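# Structure at a glance
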Amino acid sequence: MRDNLKQKRDWILLGIILLIAILLLSIFPDRKGPVINTLWDYFIEMMLILPAVMIILGLFAVWVSKETVVKYLGKTSGLKGIILAIILGALPTGPLYIAFPIAVTLLKKGAKISNIIVFLSAWACIKIPQEMVELQFLGPQFMLLRLSLTIIFVIIMAVFIEKMIEWSENRVATMAS
Amino acid sequence: MNITAVTINGIAVTGLLIAFSKDKDKAIKSLKIAGKSFVGMLPMVFVIIIIIGLLLGFVSATQISRFVGEQSGMVGILLVGMVGAVLHIPALLSFPLAASLLEKGASVSAIAAFITTLTMIGTITLPLEIKELGRKMALLRNGISFVIAILIALIMEAIL
């Protein structure tokens with residue numbers, strides 16, 4: 001239902017953009033050549049990888065269930081937990097809003113806050129298919145550097161948020177007693 | 001076809017072969033999911049490609065670099081970071097867009113900031129994140145993510 005609505009909206013957006021493009025190109029016919037060349041180049045480049053990326057996505061969606069993620073992430077902690085959180089978050093298993101309920105389940109099961117933050121952030125921005133497309137379009141140097149910086153900073157952020165939340169909870173606890 | 005595309009397709013084909021040998025029903029199910037997400041993404045793919053085409057055909061390199069190039073400096077990075085945080089386009093499609101901007105003189109820092117905030121921060125999913133994980137955790141994660149994105153952008157600019 002929600003997907004249908006989004007689909008419709010996307011097609012309408014495409015229609016509007018297409019109309020603008022046709023209008024612009026009929027006013028400036030000399031730009032037609034370069035614009036269509038660029039369109040074609042990017043289209044080919046997308047089509048070379050997008051179907052494959054989608055297949056990898058589909059395979060993971062079916063083979064790695066939410067239960068698997070919860071099972072592995074609920075118990076581990078420390079460095080091992082953080083690494084596992086990155087790997088499980090990076091698996092191509094769906095959009096971010098699917099990760100929230102998983103995170104809640106994990107919290108209830110007593111997983112560390114830092115692990116949850118790492119997991120959510122990895123889910124949002126270290127997805128394997130994303131990295132593949134980034135590699136294709138922006139090159140190995142850009143992709144690898146951004147990936148390693150992201151991992152480092154996400155871990156720092158996760159530990160920081162955990163300390164902040166623990167600190168504020170302790171303060172509430174001492175004020176109550 | 002470049003090495004990256006060959007590798008990705010190789011992985012997909014190998015994965016499919018293994019999947020079919022293990023469990024045919026599950027393999028077909030994943031193919032169906034793949035097909036559905038591919039078709040679902042198509043209109044946005046065309047939208048982004050047309051935007052790239054118009055961008056490269058009509059906007060000059062000097063104009064692009066004035067807004068997201070070296071001249072735009074810190075203000076440019078912050079601005080692009082904010083645009084990335086608010087925009088809601090599939091991350092997969094932000095990379096060709098980023099590549100086209102880089103080609104036209106955008107700075108590495110602006111591009112890195114854009115991609116990082118776009119993927120890390122979800123303004124549209126924020127209400128849901130607050131509801132599920134609580135205000136404190138959601139706001140901290142998204143807020144600090146913005147700072148991180150800017151830091152990553154600046155470090156990348158310095159290194160690349």
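This structure is a prediction, so every number in the text was calculated from the model and none was measured.

### Section: the overall build of chain B
Helix and strand counts for chain B come out as eight helices and zero strands. Going from N to C terminus, chain B has its helices and strands arranged as α-α-α-α-α-α-α-α. Taken against the 2.2 N^0.38 rule, which gives 15 Å for 160 residues, the C-alpha radius of gyration of chain B at 19 Å runs more than 25% over that of a compact globule. Classification of the 160 residues of chain B by burial places 52% in the buried group. Restricting to contacts in chain B with at least 6 residues of sequence separation, those with at least 24 account for 71%. Summing over all exposed atoms, chain B offers an accessible surface of approximately 7,300 Å²; the carbon and sulfur share of this is 72%.

### A short note on the overall build of chain A
A count of helical and extended segments in chain A gives seven helices and zero strands. The C-alpha radius of gyration of chain A comes to 22 Å, more than 25% above the 16 Å expected for a compact globule of 177 residues. In terms of its C-alpha atoms, chain A occupies a principal-axis envelope of roughly 75 × 35 × 30 Å. Looking at the 177 residues of chain A, the share that counts as buried comes to 47%. Look at the contacts in chain A between residues 6 or more apart in sequence, and 74% of them connect residues 24 or more apart. Total accessible area on chain A is roughly 9,300 Å²; 71% of this is exposed by carbon and sulfur atoms.

### What to know about the packing of aromatic side chains
Tallied over the full model, the rule gives five aromatic pairs over all chains. Here the aromatic rings of Phe-119 of chain A and Trp-123 of chain A are separated by 5.5 Å at their centres, their planes lie at 75°, and the arrangement is edge-to-face. Pair noted here: Phe-119 of chain A and Trp-123 of chain A are both in helix H6 (residues 113–125), with a separation of four residues, about one helical turn. Residue classification places Phe-119 of chain A among the buried positions, given a relative accessible area of 0%. Joined through ring pairs, the aromatic side chains of Trp-40 and Phe-43 of chain A together with Phe-46 of chain B make up one cluster. The lysine or arginine in question, Lys-127 of chain A, covers the ring of Trp-123 of chain A, its NZ or CZ lying 4.4 Å from the ring centre.

### A few points about the nonpolar core
Counting 111 residues, the largest nonpolar core has Phe-119 and Phe-137 of chain A as the members making the most contacts within it. In terms of residues, this core owes the most to one element, helix H2 (residues 24–58) of chain B, which gives 15 residues. Structurally, this core is a two-domain feature, drawing no fewer than three residues from each of domain 1 (1–63) and domain 2 (65–177) of chain A. Residue contacts for Phe-119 of chain A: discarding those within four places in its chain leaves Val-69, Leu-73, Ala-85, Leu-88, Gly-89, Ala-99, Ile-102 and Leu-106 of chain A.

### Quick word on the interface of chain A and chain B
Between chain A and chain B, the residue contacts involve 70 residues of the former and 74 residues of the latter. Where chain A meets chain B, there are zero salt bridges. Counting the contacts that link chain A with chain B gives eight residue pairs in polar contact (both at pLDDT 80 or more). For the side of chain A that touches chain B, the secondary structure elements donating two or more residues are helix H1 (2–27), helix H2 (32–63), helix H5 (96–108), H6 and helix H7 (128–176) of chain A. Among the elements that make up the side of chain A that touches chain B, the one with the highest residue count is H7 of chain A (23 residues).

### Thoughts on the domain arrangement of chain A
All names here are of chain A. Partitioning chain A into domains gives domain 1 (1–63) and domain 2 (65–177). The straight-line distance from the C-alpha centre of domain 1 to that of domain 2 is 31 Å. Facing the eleven residues of domain 1 at the interface are ten residues of domain 2. Together domain 1 and domain 2 conceal approximately 1,000 Å² of surface at their shared face, both sides included; 74% is due to carbon and sulfur atoms. Counting every contact that joins domain 1 to domain 2 gives zero salt bridges.

### What about the layout of surface pockets?
Its volume calculated, the second largest pocket comes out at about 330 Å³. Surrounding the second largest pocket, Ile-56, Leu-59, Phe-60, Trp-63, Val-64, Ile-128 and Met-132 of chain A together with Ile-11, Gly-15, Ile-18, Ala-19 and Lys-22 of chain B form its lining. Among the secondary structure elements, those contributing two or more residues to the lining of the second largest pocket are H2 and H7 of chain A together with helix H1 (3–22) of chain B. With five residues, H1 of chain B is the largest single contributor of residues to the lining of the second largest pocket.

Calculation rules
Residues numbered from 1 in each chain as written. Chains lettered and ligands numbered in written order. Predicted model: local features only at pLDDT ≥ 70, side-chain atom pairs only at ≥ 80, totals over all residues. Heavy atoms only, no water. Helix = DSSP H or I, 4+ residues; strand = E, 2+ residues; numbered from the N terminus. Rg over C-alpha atoms; globule rule 2.2 N^0.38 Å. Buried < 20%, exposed > 50% of the residue type's maximum accessible area, 1.4 Å probe, protein only. Contact = heavy atoms within 4.5 Å. Areas by Shrake-Rupley, 256 points an atom, 1.4 Å probe, with all protein chains shown as cover. Phe/Tyr/Trp six-rings, centres within 6.5 Å; stacked < 30°, edge-to-face > 60°. Lys NZ or Arg CZ within 6 Å of the ring centre and 35° of its normal. Core = buried A, V, L, I, M, F, W, Y, C linked by side-chain atoms within 4.5 Å. Domains from an automatic or database assignment. Salt bridge = Lys/Arg side-chain N within 4 Å of Asp/Glu carboxyl O. Polar contact = N/O pair within 3.5 Å; in protein donor to acceptor, adjacent residues only side chain to side chain. Buried area = accessible area lost by both parts, 1.4 Å probe. 1 Å grid on protein atoms, 1.4 Å probe; cavity = no way out; pocket = protein on both sides within 12 Å on 5 of 7 lines; lining within 4 Å. Points joined across faces, edges and corners; volume = space filled by probe spheres on them.

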